[in-house]
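A look at the structure
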Amino acid sequence: MPLLLLLAMACTKEEAIPVKEEPVLQSSAANLLFLREEEKLARDVYLFAVALYPQSPIFGNIASSEQTHMDRTLSVLQTYQLADPAAGKAAGAFTDTTLQQLYVQLTTKAALGLADALWVGATIEDLDIADINRMLTANDVQSDIRNLYEQLRCGSKNHLRAFTSQLLAQGVTYTPQYLDEATYHAILAGSHQNCNQP
């Protein structure tokens with residue numbers, strides 16, 4: 001998940017992380033900190049599923065994408081000199097207590113079977129998109145943060161389409177829990193996007 005870095009600095013052979021002079025808005029800071037761990041939640045749950053269902057490459061593929069999203073979110077945190085809530089946290093460990101509880105609930109569900117794990121994947125992406133949509137409603141979001149949100153949302157839409165497609169192959173139709181029906185079906189009707197992801 002991505003950003004526009006406006007300042008460039010160099011030190012020895014490595015580039016330093018650009019730093020913003022203006023402070024990030026309090027609401028944006030809270031959203032970025034939460035988003036960093038929400039992306040970690042997705043990655044950690046998918047890695048949990050990889051170990052249980054190695055025959056299904058979707059979990060490993062999307063876990064790799066979530067790592068990219070985590071890295072891009074971290075870059076924005078560093079740009080605004082915000083402490084990383086995921087620093088030093090092992091898989092399945094979170095600063096946010098709500099996400100900690102959600103990890104336990106989702107991995108418990110995922111352990112029940114492949115269809116359950118795919119349902120968990122769809123649930124995570126459903127939640128991610130709904131949260132990012134809420135974050136994007138603010139009128140005062142800095143342009144680089146808005147760009148991050150939009151790219152993460154683009155990736156989550158791809159993931160949601162992938163999980164729901166594989167659920168259908170299992171004979172299961174996913175019903176959105178966080179997105180409204182119109183938004184959900186519009187996402188499913190869309191095509192895969194590259195989202196500027198490597």
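Just above sits the structure.
Here we summarise the structure given alongside this text. What you are looking at is a predicted structure, and each value in this text was computed from that prediction instead of being measured.

Moving on, we get to the side chain of Glu37. With respect to the element layout, Glu37 can be found in helix α1 (residues 26–52). Although Glu37 lies buried, it forms no salt bridge, and the closest oppositely charged side chain, Lys89, sits 6.1 Å away as judged by the N-O distance. Not counting chain neighbours up to four residues away, the residues in contact with Glu37 comprise Pro85, Ala86, Phe94, Thr95, Asp96 and Leu99.

Our next topic: the environment of Ile129. When you line up the elements, Ile129 lands in helix α4 (residues 114–136). Looking at Ile129, the relative accessible area reads 0%, which means it is buried. Linking Ile129 and Thr183, residues 54 residues apart in sequence, is a C-alpha distance of 10.0 Å. In this view, Ile129 contacts Arg153, Ser156, Lys157, Leu160, Leu179 and Ile187; residues no more than four positions away in its chain are not counted.

A word on the pattern of salt bridges. Tallied over the full model, the rule gives four salt bridges. Across the pair Asp44 and Lys40 runs a salt bridge whose closest N-O atoms are separated by 2.6 Å. A residue pair is termed a helical-turn pair when its members lie 3 or 4 positions apart in one helix, as Asp44 and Lys40 do in helix α1 at four residues. Each member of the pair, Asp44 together with Lys40, is buried. For Asp116, the salt bridge identified is with Lys109, shortest N-O distance 3.0 Å. Each of Lys40, Arg43 and Asp44 takes part in salt bridges that share partners, so that together they form one network.

The next point concerns helix α2 (residues 58–79). Residues spaced three or four apart along an α-helix point in a common direction, a consequence of the helix completing one turn every 3.6 residues. With 22 residues, α2 extends 32 Å from end C-alpha to end C-alpha; this agrees with the ideal 32 Å at 1.5 Å per step. Directly after α2, the chain includes Gln81, whose backbone phi takes a positive value near 55°.

Here we take up the packing of aromatic side chains. Per the counting criterion, the structure on display carries six aromatic pairs. For the ring pair Tyr53 and Phe59, a centre distance of 6.3 Å and an interplane angle of 40° mean the geometry is tilted. Both residues of the pair, Tyr53 and Phe59, count as buried. Members of the aromatic cluster, each reached through a chain of ring pairs, are Tyr46, Tyr53, Phe59 and Phe163. One residue, Lys109, lies across the ring of Trp119, its end atom 5.0 Å from the ring centre.

Across all of its chains, the model carries one disulfide by this definition. Disulfide partner of Cys154: Cys195, at an S-S distance of 1.9 Å. Sign of the S-S torsion, about -80° for the bond between Cys154 and Cys195, identifies this disulfide as left-handed. Here Cys154, found in helix α5 (residues 143–169), pairs with Cys195, found in the segment after α6 (181–189); they are 41 residues apart in sequence, far enough to count as distant. Residue class for Cys154 comes out buried when judged on its relative accessible area of 18%.

Rules behind the numbers
- Residues numbered from 1 in each chain as written.
- Predicted model: local features only at pLDDT ≥ 70, side-chain atom pairs only at ≥ 80, totals over all residues.
- Heavy atoms only, no water.
- Helix = DSSP H or I, 4+ residues; strand = E, 2+ residues; numbered from the N terminus.
- Buried < 20%, exposed > 50% of the residue type's maximum accessible area, 1.4 Å probe, protein only.
- Lys, Arg positive; Asp, Glu negative; His and termini not counted.
- Salt bridge = Lys/Arg side-chain N within 4 Å of Asp/Glu carboxyl O.
- Contact = heavy atoms within 4.5 Å.
- Expected span 1.5 Å × (residues − 1).
- Phe/Tyr/Trp six-rings, centres within 6.5 Å; stacked < 30°, edge-to-face > 60°.
- Lys NZ or Arg CZ within 6 Å of the ring centre and 35° of its normal.
- Disulfide = S-S within 2.5 Å.

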